[in-house]
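# A look at the structure
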Amino acid sequence: NNLDDEKTIQMGPRTSSHKMIQLALAQDQNDLSKYLKDAIATNQHQDYSYSLQYSGSIDWASSHHSAALVDQMETAATSFAWIAIANNDNCTWPALFLPKGTDLILLYDSNALVKTKRRNGNGRPIKLDFGLWNQLSHIHVHWLSLSHPPETLANMITRILLGSDAGNATNKIDTEDDTTPLKSDSTAATFNGMAVSLKTKGSTCKVHCIGENWMWNAAHYRSCHVQHLCFDLDSKTFVLPTTSTAEESSNHNDSLLPLLLPMDSVSTWVDPQTTKVMMGHSIRHSTSKDAWFPQQQSSRQKQHYDSYYALDPNVVWLPFFAEQPNINNPGHLLWDFWLPMFTLVELFLITQEEEDGAKMRESLPTLLLTNLDSSCTKGATTDPSCYKMVSKFLPLLGVPNDSLVSTTESQLQAPNTEDANSPQLVCAENGLMGIGMLTDHGSKKHGQLAEDYQSVQNIGRGPMFWRFRNFMLKNLKQQQQGIVESSSNGRRLPWKITFSVNSSQNPSRRRNMERQIEVAQKVFPPGETNELGIVVESVQLDQLTLEAQTNLMDETAVFVSVMGGSASTAMFLRRDTSLILYYNDIDDFVKGKNSKTVDGSTMPNRMDWDFWNNASYLRVHWLPIQTMDSENDLKSFARLLQVEVNTAMHTMA
């Protein structure tokens, strides 16, 4: 916004048939430039023409270079790819302005090593700002070593670019179908209760992964978007199909994978040995055996891969592993599974366009969940209570209960499935995977250990939590503003102080809140003296339906509860309302080193503090259970209620 108003930056590649590749290289990379030019000329795509252009190194910190800065930004915003020397901000920063779906190739120096050493004694190459670049999901980011021979490096770069969907890439769901159903009644077929249609035009999947850190735990941080994710009906496994046409093309990259060095990474290539993600296992206790990824299959391995049953283009497929017993708890379910799934959709910008009056607007897609094991699904005998809990909360994702089945139980209902030539694949245009570190606590526990408080997982995620809340309410077909009533001054505001009683099975946390309810009723007594029309109410949430719970939160100005999974319902409170959480300082203290507070006392567990203290749309307060009924604490509680109710009335007026 501070740029010269007369200079307008045009976004997107200049033409659909011409692709500009920008080189931000030093003079001593002349050999690479020559080989790259030759490789691109040799492998020209039949539909596109490519050209190389040098982009000079600009000192973005110098104000007198403002015009050059705009030129660099515009150049990047109209480029097909940006190839730059890593560890040089003056060469790499314009790549932030690349269009969605384009490629950034960072060339690093294998001889410039970090100071720390790996266990085998070999230093790791420096990769400045990898934490930024490898989290950018709107572009494809790759790292290649300059130690490759220039000709080999040029061939690898060319193969990356020619295999990219750059320039035309978009994660908006394409609702126009250019394939032809084999039968007029093919749309009557279903897979796990979801409509499918039979297609004859084969499609090759494309993969894009983010989060690479080149460490043993890379699967914990990696998340992937698969275009054309398929399920093999014979083997009951997810696969990445390759059509016969694609196998014969120059985009087949298997021959180049062995050339990659251990610290190289190509975010759009799949290495069967290393490209793995975590699907719901506990990060703290998982091993490399828990990591997962769809199997690569080709038409040579499986017949009939050039036709398939297609899910609706609006469907995004989310395979996951329902770890027990965590998923049985509403807090774990919402924040260890539903929140990461929503985050994946936002990360990869999977949207669809829908009509809103005279305008088109983007909305989130329909989700299809498939459990990778046989637990926590309808009819499971291991733990029926798990499916009972999950099915209660599935409407928050807009997922029909009947569509949640395991891979082994997944079934296609379609005519002529016994035909030997019948396709064996069910495919979605988009699939997402890699829950890993996207939970509310990442590699930490929920507050039981001292180390849980030494880092914060959810910095800056408050706005996402608010969107997650609205997404779930929308799926319940509730308006975001919900149910409100007019107070005596005509304002439409939440009017309840709600107490969640007996919400825990833990004796120290199972509280009826009797004294606190009495205090609230004295501060806001029924009748004419209660000018704000505040109502004090107590409920036992596990006896309410999900819809009743969310409606109650919409009516609530101040919600009072003990900490724990049952308090997760408070995330449906409206903006600028208050949450008062009582923590257990009787018999629940953090463990481990540095568990003492400033005054030397042992620190009580404040369960889920990392989520609540970063939920920026709420005002969150923590009070101790041990002295909650003392006169001093009750006086403080009464004052807190007055302040929070008055604040809500003013901020929401």
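A brief report on the enclosed structure follows.

What counts, and at which threshold
- Residues numbered from 1 in each chain as written.
- Predicted model: local features only at pLDDT ≥ 70, side-chain atom pairs only at ≥ 80, totals over all residues.
- Heavy atoms only, no water.
- Helix = DSSP H or I, 4+ residues; strand = E, 2+ residues; numbered from the N terminus.
- Buried < 20%, exposed > 50% of the residue type's maximum accessible area, 1.4 Å probe, protein only.
- Contact = heavy atoms within 4.5 Å.
- Pairing = 2+ DSSP bridges.
- Axes fitted to C-alpha atoms, helices over the stretch in contact; angles between N-to-C directions.
- Parallel < 35°, antiparallel > 145°, perpendicular 65-115°, else oblique.
- Left-handed = near helix turned anticlockwise from the far one by under 90°.
- Nonpolar A, V, L, I, M, F, W, Y, C, P; charged D, E, K, R; others polar.
- Core = buried A, V, L, I, M, F, W, Y, C linked by side-chain atoms within 4.5 Å.
- Patch = residues over 30% accessible without salt bridge, like charges linked within 9 Å, V, L, I, M, F, W, Y side chains within 5 Å.
- Areas by Shrake-Rupley, 256 points an atom, 1.4 Å probe, with all protein chains shown as cover.
- Salt bridge = Lys/Arg side-chain N within 4 Å of Asp/Glu carboxyl O.
- Arc of directions from axis to C-beta.
- Disulfide = S-S within 2.5 Å.

For the rest of this paragraph, the subject is the overall build of the chain. For the chain, the helix and strand inventory stands at 14 helices and 30 strands. Here the chain, with 653 residues, has 53% of them falling under the buried criterion. Relative to all contacts within the chain whose residues are 6 or more apart in sequence, the contacts with residues 24 or more apart total 73%.

In the case of a regular strand, side chains alternate between the two sheet surfaces. For strand 4 (residues 103–108), the tally of buried residues reaches six of six residues, placing the bulk of the element in the interior. Residue alternation in strand 4 divides its side chains into two sets, Asp 103, Ile 105 and Leu 107 and Leu 104, Leu 106 and Tyr 108, and both sets are buried. Sheet topology places strand 3 (residues 81–85) next to strand 4; five bridges connect them, and they run parallel. Bridge assignment links Trp 82 to a residue of strand 4, and that residue is Leu 104.

Their axes nearest at 8 Å, the elements helix 1 (residues 30–42) and helix 5 (residues 150–162) cross at an angle of 45°. Relative to helix 5, the element helix 1 is oriented oblique. Where helix 1 crosses over helix 5, the handedness of that crossing is right-handed. Between helix 1 and helix 5, the residues in contact are Asp 31, Leu 32, Tyr 35, Leu 36, Ala 39 and Ile 40 and Pro 150, Glu 151, Leu 153, Ala 154, Asn 155, Ile 157 and Thr 158, respectively. The residue inventory of the contact of helix 1 with helix 5, partitioned by class, reads nine nonpolar, two polar and two charged.

This brings us to the nonpolar core. With 69 residues, the main nonpolar core has Trp 338, Leu 369, Met 571 and Trp 612 as its most contacted residues. The element contributing the most residues to this core is helix 8 (residues 330–347), with 11 residues. By size, the runner-up hydrophobic cluster in this structure holds 31 residues, among which are Met 194, Val 226, Val 277 and Tyr 309.

A cluster of nonpolar residues, Leu 96, Phe 97 and Leu 132, forms a patch on the protein surface that exposes about 230 Å² of accessible area. Within the secondary structure, Leu 96 is located in the loop between helix 3 (89–92) and strand 4.

The next thing to look at is the pairing of strand 15 (residues 308–311). Here strand 15 shows a buried face lined by Tyr 308 and Ala 310 and a second buried face lined by Tyr 309 and Leu 311. As judged from the two bridges shared by strand 15 and strand 22 (residues 425–433), these two strands associate in the parallel manner. Paired with Tyr 309 across the strands is Val 426, a residue of strand 22.

Okay, helix 9 (residues 384–393) next. Residues of helix 9 that are buried: Cys 386, Tyr 387, Val 390, Ser 391 and Phe 393. Relative to the axis of helix 9, the buried residues are bounded by an arc of 165° and lie together on one face. Of the residues in helix 9, the exposed ones pointing more than 90 degrees away from the buried face are Pro 384 and Lys 388. The secondary structure elements touched by the buried residues of helix 9 are helix 8 and helix 12 (546–554).

In this section: the state of the cysteines. What the rule picks out here adds up to three disulfides. A sulfur-sulfur separation of 2.0 Å characterises the disulfide bridge that pairs Cys 209 with Cys 224. Because the torsion about its S-S bond is 105°, the bridge between Cys 209 and Cys 224 counts as right-handed. Taken together, the residues Cys 209 in strand 10 (residues 206–210) and Cys 224 in strand 11 (residues 223–232) connect sequence positions 15 residues apart. By relative accessible area, Cys 224 is classed as buried at 0%. The connectivity of the disulfides in the chain is 1-2, 3-6, 4-5, where the numbers refer to bonded cysteines in sequence order. Looking at Cys 205, it has no disulfide partner, and the nearest cysteine sulfur is the one in Cys 230, 7.5 Å off. For Cys 205, a relative accessible area of 14% corresponds to the buried category.

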